Each structure stands twice: as C-alpha cells, then as structure tokens.
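# Geometric and topological summary
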Amino acid sequence: MRAVLRAFRRPMGAIAGGWLLAMIFVAVFAAWLTPYDYDIQALKEAYQPPSPAHWLGTDEFGRDLLTRLFHGARTSLSVSSIAIGISVLCGMVLGAAAGWFGGRFDRAVTVVVDLTWSFPEILIALILVAIIGPGTTGTMAAIGVAYLAQFTRLTRAQIMMLKGETFIEAARSLGAGNAHILFRHLLPNALAPVLVSAMLATGDAIILEATLGFFGLGAQPPTPSWGAMMSAGSALVFKAPWIILFPGLAVAITVVAINLFGDALIAELDIRARMRRAA
Amino acid sequence: MSALLQLSGVSVAIGKAHLLEGIDLALDRGQILGLVGESGSGKSLTAMAAMGLLPLIGGRVTAGEVRFDGTDLSTLGEAGRRHLRGRRIGFVTQNPMTALDPVQRIGAQIDVVSRLHLGLDKAAARARTLDLMAQLRIPEAAAVAEAWPHQLSGGMKQRIVIAMALAGDPDLIIADEPTTALDVTVQAQILQILAGLVRDRGLALMLITHDMGVVAQLCDRVAVLYAGRLAEERAVGPIFAAPAHPYTRALTLCIPREGMARGSLHGIPGAVPSAAAYPAGCRFHPRCARADATCRATVPALSALPDGGLVACHHAEPGAP
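Cut-offs applied
- Residues numbered from 1 in each chain as written.
- Chains lettered and ligands numbered in written order.
- Predicted model: local features only at pLDDT ≥ 70, side-chain atom pairs only at ≥ 80, totals over all residues.
- Heavy atoms only, no water.
- Helix = DSSP H or I, 4+ residues; strand = E, 2+ residues; numbered from the N terminus.
- Contact = heavy atoms within 4.5 Å.
- Areas by Shrake-Rupley, 256 points an atom, 1.4 Å probe, with all protein chains shown as cover.
- Lys, Arg positive; Asp, Glu negative; His and termini not counted.
- Charge placed at Lys NZ, Arg CZ, Asp CG, Glu CD.
- Patch = residues over 30% accessible without salt bridge, like charges linked within 9 Å, V, L, I, M, F, W, Y side chains within 5 Å.
- Salt bridge = Lys/Arg side-chain N within 4 Å of Asp/Glu carboxyl O.
- Buried < 20%, exposed > 50% of the residue type's maximum accessible area, 1.4 Å probe, protein only.
- Buried area = accessible area lost by both parts, 1.4 Å probe.
- Polar contact = N/O pair within 3.5 Å; in protein donor to acceptor, adjacent residues only side chain to side chain.
- Nonpolar A, V, L, I, M, F, W, Y, C, P; charged D, E, K, R; others polar.
- pLDDT = per-residue confidence, 0-100.
- Domains from an automatic or database assignment.

It is worth spelling out the overall build of chain B at this point. Secondary structure assignment for chain B yields 11 helices and 12 strands. When its C-alpha atoms are laid out on the principal axes, chain B stretches across 65 × 50 × 35 Å. For chain B, the proportion of contacts with a sequence separation of at least 24, taken over those separated by at least 6, is 64%. Element-wise, carbon and sulfur atoms account for 55% of the exposed surface of chain B, whose accessible area totals about 13,300 Å². Of the charged side chains in chain B, 30 are positive and 28 negative, and the gap between their average positions amounts to 3 Å.

Let's shift gears to a nonpolar patch on the surface. Residue and element names in this part refer to chain A. A contiguous nonpolar surface patch, about 720 Å² in accessible area, is contributed by Leu21, Ile24, Phe25, Val28, Phe29, Trp32 and Leu33. Those elements that provide at least two residues to the nonpolar patch are α2 (11-28) and α3 (30-33). Ranked by residues supplied to the nonpolar patch, first place goes to α2 with four residues.

Opposite charge on two side chains lets them pair, provided their charged atoms get close. Residue and element names in this part refer to chain B. Under the criterion given, the structure shown has 21 salt bridges over all chains. Between Glu38 and Arg287 there is a salt bridge, and its shortest N-O distance comes to 3.2 Å. You can see Glu38 sitting in the loop between β3 (32-36) and α1 (43-51) and its partner Arg287 sitting in the loop between α10 (246-253) and α11 (293-297), a full 249 residues away along the chain. On the basis of relative accessibility, which here comes to 22%, the residue Glu38 falls in the partly exposed class. Taking relative accessible area as the criterion, Arg287 reaches 12% and is therefore assigned buried. We note a salt bridge from Arg67 to Glu65, for which the minimum N-O separation is 2.6 Å. Residues joined in a network through salt bridges with shared partners are Arg29, Asp69, Arg88 and Asp171.

This brings us to the environment of Phe70(A). Residue and element names in this part refer to chain A. In this fold, Phe70 is placed in helix α4 (residues 65-101). With a relative accessible area of 14%, Phe70 lands in the buried category. Remark: the alpha-carbon pair of Phe70 and Ala171, spanning 101 residues in sequence, is separated by 50 Å. Beyond its immediate stretch of four places on either side in the chain, Phe70 contacts Val26, Ala27, Ala30, Leu33 and Thr34.

Taken together, the contact pairs 27 residues of chain B with 19 residues of chain A. Interface area for chain B against chain A, summed over the two sides, is near 1,900 Å², with a carbon-plus-sulfur share of 60%. Here chain B and chain A share zero salt bridges between them. Between chain B and chain A we count eight residue pairs in polar contact (both at pLDDT 80 or more) in total. Tallied by class, residues from the side of chain B that touches chain A come to 15 nonpolar, eight polar and four charged.

Quick look at the side chain of Thr139(A) now. Looking at the element boundaries, Thr139(A) is found in helix α7 (residues 136-163). Sequence-distant contacts of Thr139(A), defined by excluding residues within four places in its chain, comprise Val79(A), Glu209(A), Leu212(A), Leu217(A) and Gly218(A).

On to unusual backbone geometry. Residue and element names in this part refer to chain B. Within the chain, Glu140 stands out as a residue other than glycine whose phi angle is a positive 50 degrees. Structurally, the position occupied by Glu140 is in the loop between α4 (122-135) and α5 (141-145). Notably, Glu177 is not glycine yet its phi reads approximately 45 degrees, a positive angle. Among the structural elements, Glu177 can be located in the loop between β7 (172-176) and α7 (184-201).

Here we come to the environment of Phe215(A). Residues and elements named next belong to chain A. Structurally, Phe215 can be placed in the loop between α9 (178-214) and α10 (226-234). Phe215 sits in the partly exposed class, given a relative accessible area of 48%. A C-alpha to C-alpha distance of 7.6 Å links Phe215 and Ala228, two positions 13 residues apart in sequence.

Residues and elements named next belong to chain A. On average, residues of chain A score 86 in pLDDT, and 96% of them reach the 70 mark or higher. At the level of individual helices and strands, chain A shows its lowest average pLDDT in helix α12 (residues 271-278), which scores 47, and its highest in α4, which scores 91. Confidence drops under a pLDDT of 50 for residues 271-279, and excluding neighbours within four residues, the segment shows seven contacts in the predicted structure.

For the rest of this paragraph, the subject is the domain arrangement of chain B. Residues and elements named next belong to chain B. Each domain of chain B was delimited in the assignment, giving domain 1 (29-58 + 76-88 + 172-311) and domain 2 (97-169). Just the C-alpha atoms count here: the centres of domain 1 and domain 2 sit 29 Å apart. Contact with domain 1, which involves 17 residues of that partner, is made by 15 residues of domain 2. Summing both partners gives a buried area of about 1,400 Å² for domain 1 against domain 2, and 59% of it is carried by carbon and sulfur. A per-residue breakdown of the area domain 1 buries against domain 2 is headed by Arg87, Ile193 and Arg201, which together make up 40% of the total. Here domain 1 is connected to domain 2 by six residue pairs in polar contact (both at pLDDT 80 or more). Of all the secondary structure elements, the ones that give two or more residues to the side of domain 1 that touches domain 2 are α2 (78-84) and α7.

Written as structure tokens, this is what we have:
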C-alpha cells in the first residue's frame, strides 16, 4: 500500500495516477457532474460540435457526449476492474494450490491453463460472450476467464520459487505448519508481483471491454460504454468526428496512464531498487 | 541417563541414494558439538535428521534411531515433531541474508515463534522479543523490531535469526554454518554470542561448520564426517593434539597458523566422492596416504579410543593420551 503512495511521488506516477483518480471520480459522480442525462434523446440537438453548452458536442441522438463519456467511464472501469479482480482471486487460489501441492493436480492445472494461454484473450472473450450472451455480466465473465491463465501461471511460479527459499526452511525448522507457511509467508510474498500484473492487465481489460463494446457485445444500449460509443461514432467519422474521437482518447489515455502508473509501482516495489536507496 | 540428543547408528536415504551411514553422536546441555567435514559430507543432513525434518524433504531414517530427551523421533507423528521444532530445538540457518521473510517486519517474525510455542499474547510476545534482542546486543531493539529485513546488515540479520531460534526457549540450538556468509569481524561476534548462550543458559549447541579454527575455539567435542560416515568423534583437545583419523589430520593441517612458512598451508588432494559413486571399503582411501589393500576392500568399523573418542580407520593412530 505504501508503494502506491510512493508511486505518486514520481513525476510520471503522479500524472498517470492523477488521471486515474480523475477517471474514478467522474465514474462515481457521473450523474451529478453535468446538467444532462445520458439517455434522454434530443434529436434537435443532434450532431453538435463541441461548444460551451456541450463541451464535447452531442451524438446522433442529441445526447451530451461528456455526460455519456462519464457514464461510459463507470461501465468501462467497473467492468474491467471487477473482471480482473475475480480473475486475480481465482488465479491466485488456483496457482497457489498448483504450486503448493504439485504432482498430478499441478499438471492438470498447467495443461488447462497453457491451453487457454495459447489463444488470444479476445478470442476467448468472444467465445464466452457468445455462450453467456452479451451485456455487462457476460463481458465481466469473459474478461475474467480470459486473464485467468496469466494470474494462475504467475502465482504458481512465485509459489514454487518461494518454496525453496531459506526463510521457508527456517520457518519450518522453527515449527511452522503448512497453513502458516502458505498464508503468512508464501502468499504475501507472491502478492506484490501479482498485483502489479493485475494493474497492467486492467489496462488491457479496458481495451478488451471496449472491443467487445465496439462489436455490440458489451453493455447494451442505452447504457453507455466507451467501446459502444466508438462503434456508433465509427459510422459518422466524417460527419461528426468528435463522437468517436473523445471516447477513443479516453480509452487510450486511461490505458497509457495505467501502464505508466504500473511502471512507477514496479519501480517502487522493486526490492533491489529499495536496497540501493537504503545504501 | 542418556544425552539430550542421541543419534545411534543412524542411516539416512533420500530415494535410492544412501547418504548417511551409521552416525553415532551424543550432545548434552551445556555442551558444544562441532560437526565438521567438507561440503557434501552429510553435515546438514545430520542436522535435518536431528530435527525430524527428513520426511519433508523426502528422506527417511533407514537404520538406527534419533532420540531427543529420551524420545525416539520416529515414534512421534509430524505434529509431535513440529512441537519439538522451535520449542525444544532452535535452528539457525546458513545464510542470514535470505533467512528472513522480506515482507514481514523483524519484530513480527520473532514474535510469532513465542506466540506459537509459548502461547504468549501479542504484548507478551513483543516484550519477550525485545528482551531477546537486547540480550543479543542489538542496539535500539524497539526500532529494529519495526524495521524490514532489507534494512539490516548481515550480522544484524544473523542475530535476528538467532533471536528467532531462541524465542521458543529451546534446549538445543542447531546452527548450520552460522557465520559462513558474514564478515570475519562479525563472525567472531556471532560465535561469542552463541558460546555465551551455552554458558549462560545451559543450552546444547550443535555447530555445523567447515572451519576448523572455529571448532578449536568453541567446541567441546568434534564429530568429523566424511562422505556420509563418521570418521572420528572426540573431545576437542585430543583431536587437534593427536588426530587419529588421517582425514582429521589432513583437516587440521588446512588451518593457517601464525609463523607458518610461505606455501606450507595444506589442502587435501581430490574431492569428496558423490553419493552415487562412493568407493568400496573406506570411503577416504582414494585420497589417503596410508591406504592399503584392506582399506580398499573393507569398511572400517568405529572403534573406541582410550580417551573415550571414536574412530573409523584401519590405520588409526593410537591418539596420544
């Protein structure tokens, strides 16, 4: 946790983290930040370019784009972060169990995980949405499963590496039991890299969510999502370029911000870097 | 009245590899036993056997028995052996740099041992931790307890590891090359601390080392292991004055001494054979100047020396009284 605060002290971390906080803020308070509703159509106002009344212009139904962008942030960020959260949780349990027990269970998990790992995430997500059906729940499940392999593999590798560390041997020789070693030593040590990779995966998940939304498989109208807004704007790119431009920018800047913040976090969590500072 | 720790004729195998054969050792309270030998001679494995840790690394005792305070370890289940580890037997690992969990504060890592084994509550455990740290001459114990492992020096970390080993109030400390990874100046401090614990608390200490100089300074008795067998086991005085086993003699010649002529420091030619390729007969014979046909064919049995020691050699020197 302290590493997150320290990451804010780095210039890049501060800019990127500031953007992310702003996005979370607009997502939470979307309903109160603008005088418009995201779903009330006003066809007389359609296709307006950015103006003092509509800062980012209006879409083909005359809805305020800024309002929809804020509500879209709510959809995009919550869907991708909840999906990644589920994925991390399941992946850590599965990976820790595989790394800890080894043997046949480990081989079974590894085979399944490697199998899903060999497909691109978008393909897995598309297949799952096809099975579950479009909508936010389907998107969350699809993204969650698509990234499961990554966290399972990472946790498993961490646990297997840590199992051979001297401090585990020391804990054992002082009478620590299996549960103590797993929950007090192995998992806390495996946590940092998994969380950083979860942070970076959230960036990818936002793109994946936008892609599914672009294909019309994500949140269903009138609920706005960045991907669905871009999809609507793509047909009007010459008539009203702002409709696709602003959600596109929102996706791009947010993903870049997540990656930059992730980098700052990696630098802060790096034990070697910490030792250099101490010296 | 048997000793606190008694290994009688202990043989250990991991899988098909027979790594220890017929180890006889005894260690009592207030005593320091040095366990010496080159890398691969089975020192650490002997320690694992003494702690009942073998099942966890896939090893087993194939013959003989390990008794701690009169109890045969093989009659205890894993739960019973866990109760010994930390509570009755403290362990100090080889490399203090990696012996502490990097994501836990120092104090918490010591606290947990006394909370587990002595059933202390949080405050009492912390008080005990600070008390132990002060006894080990750790300055500003309260501040160090809140520090992270990477903030401490190697010598300081080794003191923390010793504090962890002491936290369960054990009767026996097993220290596996506790000073190998440390600076020479810090080595002396750590050894003084360990020797002080034996003197002040009546602890038994098993000191695993390959440094004969440390053995000469600190130990009461010495067990010399070679290729998984006991070569010689004697009190520290006679073993240096008149080593009975040629391997022990060779080891004592490896210690640099004041006033030695340039180039006269010995090494032992050859290397310890691997467990897969132990020679027949005496396992030291390929490197031994005294070896003859008997040595190549027959395993030397352990025989008693007049001073109460043991030696396994066909051509043992009588060991001057």
